[in-house]
Amino acid sequence: MTSNKEIILDTVKEPACFPNVPPTFLTDKTMNERKTKVLKAMKKEGFQIVAIYADKEHGSNFEYLTGFIPRFEEGLLLIEDSGKCTVILGNENLKMAAYSRAAVTLKHSPLFSLPNQPMDNEAALEEILQEAGLDQKNKIGLVGWKMFTTQKSDPSTYFDLPYFIVEAFKKAKRSDAELVNAAHLFIGGDFGVRTTNNANEIAHYEYGANLASTCMLRAMNEVETGRTEAEIGDRLTAEGQYNTVVTIAAAGQRFDKANFYPTHKKIQLGDPLSLTTGFKGGLSSRTGFVIESEKQLPSAQKDYLDRVAKPYYSAVVSWLETIRIGMKGGELYRLIENVFPKNKYHWHLNPGHLVADEEWMSSPIYEESTEILKSGMIFQLDIIPSIPGYTGVSAEECVAIADQPLQDEIKRHYPGLWQRMTTRRNYIENELNIQLSKDVLPLSNTAAYLRPFFLAKSQAFVVRK
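These remarks concern the structure in this document. (Residues numbered from 1 in each chain as written. Predicted model: local features only at pLDDT ≥ 70, side-chain atom pairs only at ≥ 80, totals over all residues. Heavy atoms only, no water.)

So, about the pattern of salt bridges. The final tally for this structure, using the stated rule, is 26 salt bridges. For Asp-357, the salt bridge is made with Lys-280, and the minimal N-O distance between the two is 2.7 Å. Residue Asp-357 is found in the loop between strand S11 (353-354) and strand S12 (378-381), and its partner Lys-280 is found in the loop between strand S9 (272-279) and strand S10 (282-289); the two are separated by 77 residues along the sequence. For Asp-357, a relative accessible area of 8% translates into the label buried. (Salt bridge = Lys/Arg side-chain N within 4 Å of Asp/Glu carboxyl O. Helix = DSSP H or I, 4+ residues; strand = E, 2+ residues; numbered from the N terminus. Buried < 20%, exposed > 50% of the residue type's maximum accessible area, 1.4 Å probe, protein only.)

The following block contains the structure:
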């Protein structure tokens, strides 16, 4: 079993980075495929109309079809089983209807606008919904940003949309019409339309993974005592892109005065340091010590490498070597439980989850999961140990899994992307000595690259040959 492989700290060359890679836009063909997938999923479960909610923080399901999010405001996209789409927008996003990737009929609701903005065309939201034909539908789905996986009650009755919107749907529908949470149509691991990606979508999302990992390597290289969190945090942003998570550059004791963000605190020798950045399609995260060697570890953590960091890295290796298309999520969960037992390392969240426009979409990897891992899924390798008295460790990165036809399509249509992924695979296999699953396509430059000591810039973990 891969858990028996010896992990050592060795002199390792840095992974290659790829600056100035332009974003890949989603094609009209991809956007049409997306709509077709949604309509097929609706038909399978008998939905006559699905309403997809969005705001700045929770817009990915909406954006999946429209290509944009309603900045500043709320928005709704109604898609009927006929394929007709209606978008309801507030004042500041009315112009975006003309740019929607799916053809839409526009309706204006100033209720979605910011406080004290003009209320021209004001109408009750339920009236707008009835104008769109909601009162003629028998089964209506509401899609916020998450599905509820509660085991103690019916998750279809939980709604994460604002109260006034849910109330409007209840008032607008017929009394005998069914109103249920339909987020699973988009993000459910076994059948959600967004859980798998075609070649164009993988190329689209690799832009963010490449950017995040390039930022991470740059930030790690600039860690020095006397530098401030803010200086290092500045290296975790790039190209004016929107971060999908709060940027972390935190040295020493975290959360002082409940603060999440980088400050002007100076980094000191011996500090624990956490770094995280994420963009659409990828996140990179690292945690370790601001030291040069094991001799500089705190007296209470002299065994940090053997107690925390090496076992964690062994779990990362096992994950990357074992994940494959067709395996059940529960099988991968059990693997991590076997090589990195929860009762010893105290991880709690899923050891890996799906990524796309948001940092965490959903996860098929959980205890006893029968959900099948599929070609086209994009995963964040995300295992978070928490051992009392010890600093954590992290090497979160993103990979896709792809069967041979999908790999061939990427190679044919996106040769630059294919070359980057091939370079990353070769580095992981030949420099870090990790024998990747044949299905894994690294989207991050720094996948599996872990320096536990930030000042030892030439050292990283490898598998002993």
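There is more to say, and it comes next.
To continue, consider the packing of helix H11 (residues 404-413) against helix H12 (residues 415-430). Packing of H11 against H12 brings their axes to within 5 Å, and their N-to-C directions diverge by 120°. In this view, H11 runs oblique relative to H12, as classed from their interaxial angle. Contact residues: Gln-407, Ile-410, Lys-411, Arg-412 and His-413 in H11; Pro-415, Leu-417, Trp-418 and Met-421 in H12. Of the residues belonging to the contact of H11 with H12, the class tally is 5 nonpolar, 2 polar and 2 charged. (Axes fitted to C-alpha atoms, helices over the stretch in contact; angles between N-to-C directions. Parallel < 35°, antiparallel > 145°, perpendicular 65-115°, else oblique. Contact = heavy atoms within 4.5 Å. Nonpolar A, V, L, I, M, F, W, Y, C, P; charged D, E, K, R; others polar.)

What follows deals with helix H4 (residues 163-172). For an α-helix, 3.6 residues make a turn, and residues three or four places apart therefore share a direction. Those residues of H4 that sit buried are Ile-165, Val-166, Ala-168, Phe-169 and Ala-172. Each buried residue of H4 sits inside an arc of 155° when the element is viewed along its axis, so together they form one side. Relative to its buried face, H4 has exposed residues pointing more than 90 degrees away, namely Tyr-163 and Lys-171. For H4, the elements touching its buried residues are strand S2 (49-54), strand S3 (75-80), helix H3 (125-131), strand S6 (139-143) and strand S7 (178-181). (Arc of directions from axis to C-beta.)

With that settled, the discussion passes to the pairing of S10. Within S10, 8 of the 8 residues are buried, which leaves the element mostly enclosed by the surrounding structure. Residues of S10 alternate between two faces, with Gly-282, Ser-284, Arg-286 and Gly-288 on one and Leu-283, Ser-285, Thr-287 and Phe-289 on the opposite face, all of them buried. Bridge count between S9 and S10: 8 bridges; the pairing is antiparallel. Residue pairing across strands places Thr-276 opposite Ser-285, the latter belonging to S10. Hairpin geometry of S9 and S10 is characterised by an intervening segment of 2 residues between the two adjacent antiparallel strands and by a positive phi of about 100° at Gly-281. Of the pairings in the sheet, the one linking S10 to strand S13 (residues 394-401) comprises 3 bridges and is antiparallel in character. Counted as the bridge partner of Arg-286 is Ala-395 from S13. (Pairing = 2+ DSSP bridges.)

Think of two packed helices as two axes; the pair is described by the angle between the axes and how far apart they sit. One way to put it is that helix H8 (residues 304-322) packs onto helix H9 (residues 329-339) with a least axis distance of 10 Å and a crossing angle of 150°. Considering the angle they form, H8 stands roughly antiparallel to H9. Handedness of the H8/H9 crossing: right-handed. Judged by residue contacts, Ala-315, Ser-318, Trp-319 and Thr-322 of H8 engage Leu-332, Leu-335, Ile-336 and Val-339 from H9. For the contact of H8 with H9, a count of residues per class yields 6 nonpolar, 2 polar and no charged. (Left-handed = near helix turned anticlockwise from the far one by under 90°.)

Fair warning: the whole summary comes from geometry, so function is off the table for now.
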